[in-house]
Amino acid sequence: MRKLAVLLFQSLDGVMQAPSSPDEDNSNQFDKGGWAEPYWEEVMGQVMQEAMIEPYDMLLGRKTYEIFASHFPNADANNRVAKKLNAAKKYVVSTTLHRSLWGHTEYLNGVVADEVEALKNEKGPLLQVHGSWELVQELLKHNLIDEFRIWTFPVTIGQGKRLFGDGTKHNTLSLIKSEQCENGTLMHFYTQKRHERDSYQ
């Protein structure tokens, strides 16, 4: 059985909506998109070293997949992040997409929890979710996340989609790694204790 990790960027007050650019996700009239941009270069170097250097397959929601697919295949050949993501196998949760927009893509169009559980039971590398707020909420609901890889930026947003919102289950996590960037961004990796994960099944 392979593990599933989520890789997320959030503000100090827990907002993970549209960190990269103004037009990334403006749903619910969100107008603070791109809030992480001033910190990006240093943080992405750390992300590459700490969370993207190992082999992994990607698990993505439709919106995040479309954003990534519109950018990374055409990125500069020397872009390390693009090279890594372009080469990875992508599993995309979508009932509307059928045509591949990006190499190495497979669509999951059944019940999300069942599809992801089946993927986890296969042999293979780590499954890593990037962004994909709606998908992450579904994974949280069914307790399918083994590890949280979170970068918290020294920014408050005030309103937007949060990683842990109302209805989040009570749980206890173990901190397994932490570091700080010079720009004040904090990296924290958490894992769930096995017996507590099993108790929710």
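This text follows the structure it describes.
So, a few notes on the structure that sits alongside this text. (Residues numbered from 1 in each chain as written. Predicted model: local features only at pLDDT ≥ 70, side-chain atom pairs only at ≥ 80, totals over all residues. Heavy atoms only, no water.)

1. With respect to the overall build of the protein chain
Then, in step 1: Within the protein chain, the secondary structure is distributed over six helices and eight strands.
Then, in step 2: When the helices and strands of the protein chain are read in sequence order from the N terminus, they spell out β-α-β-α-α-β-β-α-β-α-β-β-β-α.
Then, in step 3: Its C-alpha atoms give the protein chain a radius of gyration of 16 Å, near enough to 17 Å, the size a compact globule of 201 residues would have.
Then, in step 4: Based on the C-alpha atoms only, the size of the protein chain along its principal axes is roughly 40 × 40 × 35 Å.
Then, in step 5: Evaluated residue by residue, the protein chain yields a buried proportion of 46% over its 201 residues.
Then, in step 6: If you take every contact in the protein chain between residues at least 6 apart in sequence, the share linking residues at least 24 apart comes to 71%.
Then, in step 7: Taken as two groups, the 22 positive and 27 negative side-chain charges of the protein chain have centres that lie 5 Å from each other. (Helix = DSSP H or I, 4+ residues; strand = E, 2+ residues; numbered from the N terminus. Rg over C-alpha atoms; globule rule 2.2 N^0.38 Å. Buried < 20%, exposed > 50% of the residue type's maximum accessible area, 1.4 Å probe, protein only. Contact = heavy atoms within 4.5 Å. Lys, Arg positive; Asp, Glu negative; His and termini not counted. Charge placed at Lys NZ, Arg CZ, Asp CG, Glu CD.)

2. Section: the pattern of salt bridges
Then, in step 1: Applying the stated criterion to the full structure yields twelve salt bridges.
Then, in step 2: Here aspartate 13 and arginine 162 are joined by a salt bridge, their closest N and O atoms 3.6 Å apart. Of this pair, aspartate 13 sits in the loop between β1 (4-11) and α1 (40-51) while arginine 162 sits in the loop between β6 (147-153) and β7 (173-180), and the two are 149 residues apart along the sequence.
Then, in step 3: A single network of salt bridges, built from pairs that share partners, joins Arg2, Asp57 and Glu122. (Salt bridge = Lys/Arg side-chain N within 4 Å of Asp/Glu carboxyl O.)

3. Side note on the packing of aromatic side chains
Then, in step 1: The full count for this structure, using the stated rule, is 13 aromatic pairs.
Then, in step 2: Considering the side-chain rings of phenylalanine 9 and tryptophan 40, the 5.1 Å spacing of their centres and the 70 degrees angle between planes classify their relative orientation as edge-to-face. In this pair, phenylalanine 9 sits in strand β1 while tryptophan 40 sits in helix α1, placing the two residues 31 residues apart along the sequence.
Then, in step 3: For tryptophan 40, a relative accessible area of 22% puts it in the partly exposed group.
Then, in step 4: For the pair phenylalanine 72 and tryptophan 102, a centre-to-centre distance of 6.3 Å together with 15 degrees between the ring planes defines the contact as stacked. In this pair, phenylalanine 72 is assigned in the loop between α2 (62-69) and α3 (80-87) and tryptophan 102 in the loop between β3 (90-93) and β4 (105-108), connecting sequence segments 30 residues apart. By the burial criterion, phenylalanine 72 is buried, and tryptophan 102 matches it. (Phe/Tyr/Trp six-rings, centres within 6.5 Å; stacked < 30°, edge-to-face > 60°.)

4. Here we look at the sheet that holds strand β8 (residues 186-192)
Then, in step 1: Judged by pairing direction, the sheet is mixed, and its eight strands sit side by side in the order β4-β3-β2-β5-β1-β6-β8-β7 without closing on themselves. Edge positions in the sheet fall to β4 and β7, since each of these pairs with one other strand and no more. Shown here is a sheet whose adjacent strand axes are inclined to one another by a mean of 25 degrees, direction ignored.
Then, in step 2: Judged from the four bridges that link them, β1 and strand β5 (residues 126-130) form a sheet pairing that is parallel. Bridge assignment links leucine 7 to a residue of β5, and that residue is histidine 130.
Then, in step 3: Strand contacts of α1: β1, β2 (56-61), β5, β6, β7 and β8, with the helix running at about 165 degrees to β6, the strand carrying the most contacts. (Pairing = 2+ DSSP bridges. Axes fitted to C-alpha atoms, helices over the stretch in contact; angles between N-to-C directions.)

5. A few points about the nonpolar core
Then, in step 1: Residues Leu85, Trp151 and Phe153 are the most contacted members of the largest nonpolar core, which totals 38 residues.
Then, in step 2: Where this core is concerned, the elements lending two or more residues are β1, α1, β2, α2, α3, β6 and β8.
Then, in step 3: Counting residues per element, this core draws most heavily on α1, which supplies five residues. (Core = buried A, V, L, I, M, F, W, Y, C linked by side-chain atoms within 4.5 Å.)

6. Overview of helix α4 (residues 112-121)
Then, in step 1: The set of residues buried in α4 consists of Val112, Ala113, Val116, Leu119 and Lys120. Projection of α4 onto a plane perpendicular to its axis shows the buried side chains occupying an angular sector of 130 degrees, all on one side. (Arc of directions from axis to C-beta.)

7. Some details on the environment of glutamine 192
Then, in step 1: One can find glutamine 192 in strand β8.
Then, in step 2: Judged by its relative accessible area of 9%, glutamine 192 is buried.
Then, in step 3: Along the sequence, glutamine 192 and asparagine 143 sit 49 residues apart, while their C-alpha atoms lie 9.7 Å from each other.
Then, in step 4: For glutamine 192, the side chain forms a polar contact with the main-chain oxygen of isoleucine 145, separated by 2.6 Å. (Polar contact = N/O pair within 3.5 Å; in protein donor to acceptor, adjacent residues only side chain to side chain.)

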